[in-house]
Amino acid sequence: MTEPVTVFAVPGNEALAQDLANALNGEQGDLVVRQFPDGETYVRGDSRCQGNDAVIAANLFQPNPTFLPLIYAIRAVRDMGAKRIVLATPYLPYMRQDARFQPGEVITSRIFANLLSDELDGLVTVDPHLHRYAALSDIYSIPTCLGHAAPALANWINDHVEEPLIIGPDMESEQWVAEVGGLAGAPYTTLTKTRYGDRDVAISVPALDRWNDHTPVLVDDIISTARTMVEAVGHLLRAGFSAPVCVGVHAIFADGAYADLKDAGASTVATCNTVEHESNAIDINRIVADSIAVLLASEDSANEAQENNHAH
Ligand code: R5P
């Protein structure tokens, strides 16, 4: 039987914590987190959650400044007596350095996963960038549950775009666009991308003439420098398509990237609120809550099964 849930917010995550507490029928806990004038962090836990499951809402989109306060928050919640602590981070950072491309490079994804796994009992996120890792369990040793934005993207596309043609910017996105296309009942295709540097991307476009009367909808998991989308938008416009709609899960938008994408000729840019940004149009907090419920329930059943085995 799942325990009551207490949801704590690290500053900046109050709306997410509120939505999670509502959706999980839980209560909100008090955590005081503030900065001293010298930049160090002060944390005080102000609730009791003895025996409860605790969720910490802490989006790690900017991982370097948010990581240490999160660790202190986890320790505070442990001291308050939480039974299990699950982190809800709609965006999971440090997933893209998933290999050593040059000698001496640090595989930060593994180190980050180890640090979090040492502190937590579970982690929930939305569509992490799984490229060379097949699953989060390749690097995280704690239970994880992944929310999946594709159905929400497909709903948004159905509600806002006439005759969409779903386009993935690279071969990696094929499964992803196939799902969105299937759910939206729309044709889909993928382009070919070669990345030469952080801000240097080349895209080639297959023959798309048969869909010329459709509205192109570029779909990607992460929009970071937006070079991928900018290049793809340019190709589609030159191929005679109407202004493309750009849909992304994680609106990272590094310096100037959003303006670049608008200037390139995108008609609309719509993203999920996994990273707070003015393009957010698709709410995924419910998906995060559902994933937490699934994670806690599956751990409960695993524990019950283990207890039953011991009893026999
Ligand atoms: C890469 O494989 C991802 O799926 C995205 O295509 C990529 O992260 C987008 O990056 P950028 O916006 O910097 O081109």
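These lines cover the structure that appears in this document, whether it is placed above or below. (Residues numbered from 1 in each chain as written. Predicted model: local features only at pLDDT ≥ 70, side-chain atom pairs only at ≥ 80, totals over all residues. Heavy atoms only, no water.)

### Examining the overall build of the protein
So, point 1. Across its full length, the protein carries 8 helices and 16 strands.
So, point 2. In terms of C-alpha radius of gyration, the protein reaches 21 Å, essentially the compact-globule figure of 20 Å for 312 residues.
So, point 3. For the protein, the spread of C-alpha atoms along the three principal axes comes to 65 × 50 × 40 Å.
So, point 4. A total of 312 residues make up the protein; the buried ones form 50% of that total.
So, point 5. Put simply, of all contacts in the protein between residues at least 6 apart along the chain, 65% involve residues at least 24 apart.
So, point 6. Approximately 14600 Å² of the protein is accessible, and the part contributed by carbon and sulfur atoms is 47%.
So, point 7. Within the protein, the 42 negative side-chain charges are centred at a point lying 5 Å from the centre of the 19 positive side-chain charges. (Helix = DSSP H or I, 4+ residues; strand = E, 2+ residues; numbered from the N terminus. Rg over C-alpha atoms; globule rule 2.2 N^0.38 Å. Buried < 20%, exposed > 50% of the residue type's maximum accessible area, 1.4 Å probe, protein only. Contact = heavy atoms within 4.5 Å. Areas by Shrake-Rupley, 256 points an atom, 1.4 Å probe, with all protein chains shown as cover. Lys, Arg positive; Asp, Glu negative; His and termini not counted. Charge placed at Lys NZ, Arg CZ, Asp CG, Glu CD.)

### Notes on the packing of aromatic side chains
So, point 1. All chains considered together, the criterion is met by 5 aromatic pairs.
So, point 2. Look at Phe61 and Tyr91: their rings are 6.1 Å apart centre to centre, the planes differ by 75 degrees, and that puts the pair in the edge-to-face class. Linking Phe61 in the loop between β5 (53-57) and α2 (63-79) with Tyr91 in the loop between β6 (84-88) and α3 (108-119), this pair joins segments that are 30 residues apart in sequence.
So, point 3. Taking relative accessible area as the criterion, Phe61 reaches 24% and is therefore assigned partly exposed.
So, point 4. Between Phe253 and Tyr258, the aromatic rings sit 5.1 Å apart at their centres with planes inclined by 70 degrees, giving edge-to-face as the arrangement. Note on accessibility: Phe253 and Tyr258 belong to one class, buried.
So, point 5. Feature note: the residues Phe67, Tyr94 and Phe112 constitute an aromatic cluster, connected by ring pairs.
So, point 6. A cation over a ring is seen here: Arg210 above Trp211, with NZ or CZ 4.1 Å from the ring centre. (Phe/Tyr/Trp six-rings, centres within 6.5 Å; stacked < 30°, edge-to-face > 60°. Lys NZ or Arg CZ within 6 Å of the ring centre and 35° of its normal.)

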